[in-house]
Amino acid sequence: MYDIIGDIHGEDLKLAGLLRHLGYVPVGRGYKGPQGRQAVFLGDLVDRGAGQRRVLEIVRAMMDDGQALCIMGNHEFNAIGYATEDPHNPGEFLRPNRGDSEKSRKNRKQHSAFINQIGEGSPEHAAWVAWFRQLPPYMDLGGIRVAHACWDDGAVKALADAGWMPGKPLDDAMLVATHEKGSHLERARKLLTSGAELALPDGRYIEDKEGHRHYEVRLANWRDWASALHEVALVPAGQEAQIRGLALPEGFNRTPTTGAPIFIGHHWFKGQPRIESGKLACLDWSAAAGGPLVAYRWEGEDTLSNEKLVWERA
């Protein structure tokens, strides 16, 4: 049985409180679960919060002790690219952070809390980046499926066929390939770790909570019942005008989700935690922005229920 836990983003106190709420007890640097239970972390362990080292220590200790599994979030993927030189652009990194472009400034700001806490270029920094490479981009655990931002069978197959799957670390060749703009491997990686996105027309952009501009809007592409863009566009409150007059993208998938239930994070939902459907739950409820850290206590059911959600606000 699994306890699936959403994006932590360095909120170590919320993580400790949630684990205790779920019946896990401190053991060494980590926690041990109730008999027959295992935690599953959905990625985005780092960036933003004040306790990033402690979060990493807890999750790694639990994994080493067989008490937890963890997949890669976009922030772990970004951390690897931030620390890996771009072979096609010497002096710059796969996730640009050396120049004075808008992108480099945004990347430095987004990753600054992690760098400040761990120490850029330190042996500890290198060790955590190496550990991030061990995290898989998805997991199919039989009764449930987990991916950071969305589950897509085609993306799972594309990465697996290319050699990146659970049990296979992210090597340099695959890292470069999944950064190659417009390649099928970049598209597959982005779908799983960042989700489906729709490019906005010129002059429109979404401004995030940190003031960064995004020229794409995230889509809740699992909402197969949707008939209009506003029903799937994940737009921060107050920015609805940026999608006004736009239509759903051509070919939007309306096939109902079937098979084992799916768990995702990534999307910074707000309000009272709730599942999206009986087959899919998003467990990211903005823990690093004052929201709760949310878990789902799965006990083998094929249809998800709001009653199985557990969260920690303190």
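Being a predicted model, the structure only gives us computed values, none of them experimental. (Residues numbered from 1 in each chain as written. Predicted model: local features only at pLDDT ≥ 70, side-chain atom pairs only at ≥ 80, totals over all residues. Heavy atoms only, no water.)

(A) Molecular detail of the packing of helix 6 (residues 153-162) against helix 8 (residues 184-194). Look at helix 6 against helix 8: their axes get within 9 Å of each other, and the N-to-C directions meet at 125°. As judged from the angle between their axes, helix 6 and helix 8 are oblique. Handedness of the helix 6/helix 8 crossing: left-handed. Every residue of helix 8 that contacts helix 6 at Ala155, Val156, Ala158, Leu159 and Ala162 is listed here: His184, Leu185, Ala188, Arg189, Leu191 and Leu192. For the contact of helix 6 with helix 8, the residue count by class is nine nonpolar, one polar and one charged. (Axes fitted to C-alpha atoms, helices over the stretch in contact; angles between N-to-C directions. Helix = DSSP H or I, 4+ residues; strand = E, 2+ residues; numbered from the N terminus. Parallel < 35°, antiparallel > 145°, perpendicular 65-115°, else oblique. Left-handed = near helix turned anticlockwise from the far one by under 90°. Contact = heavy atoms within 4.5 Å. Nonpolar A, V, L, I, M, F, W, Y, C, P; charged D, E, K, R; others polar.)

(B) Geometry of helix 6. Of the positions making up helix 6, those classed as buried are Ala155, Val156, Ala158 and Leu159. Across the axial projection of helix 6, the buried residues extend over an arc of 165°, all falling on one side. Of the residues in helix 6, the exposed ones pointing more than 90 degrees away from the buried face are Asp153, Lys157 and Asp161. Considering only its buried residues, helix 6 is in contact with strand 6 (138-140) and helix 8. You can read the cap of helix 6 off the contacts: a side-chain oxygen lies 3.1 Å from the backbone nitrogen of Gly154, and it is on Asp152. Immediately downstream of helix 6, the backbone of Gly163 shows phi near 105°, a positive value. (Buried < 20%, exposed > 50% of the residue type's maximum accessible area, 1.4 Å probe, protein only. Arc of directions from axis to C-beta. Polar contact = N/O pair within 3.5 Å; in protein donor to acceptor, adjacent residues only side chain to side chain.)

(C) Fine view of the environment of Pro26. On the secondary structure map, Pro26 appears in strand 2 (residues 25-27). Sequence-wise, Pro26 and His125 are 99 residues apart; in three dimensions their C-alpha atoms are separated by 25 Å. Other than its neighbours up to four places away in sequence, Pro26 contacts Arg20 and Tyr31.

(D) Summary view of the pattern of salt bridges. For the structure shown, the criterion picks out 14 salt bridges. Residue Arg133 is joined to Asp172 by a salt bridge in which the shortest nitrogen-to-oxygen separation is 2.8 Å. With Arg133 in the loop between helix 5 (123-132) and strand 6 and Asp172 in helix 7 (residues 172-177), the pair connects residues that are 39 residues apart, well separated along the chain. Take Arg133: its relative accessible area is 15%, and that puts it in the buried class. Judged by its relative accessible area of 48%, Asp172 falls in the partly exposed class. One connected set of salt bridges, linked through shared partners, spans Asp3, Arg37 and Arg297. (Salt bridge = Lys/Arg side-chain N within 4 Å of Asp/Glu carboxyl O.)

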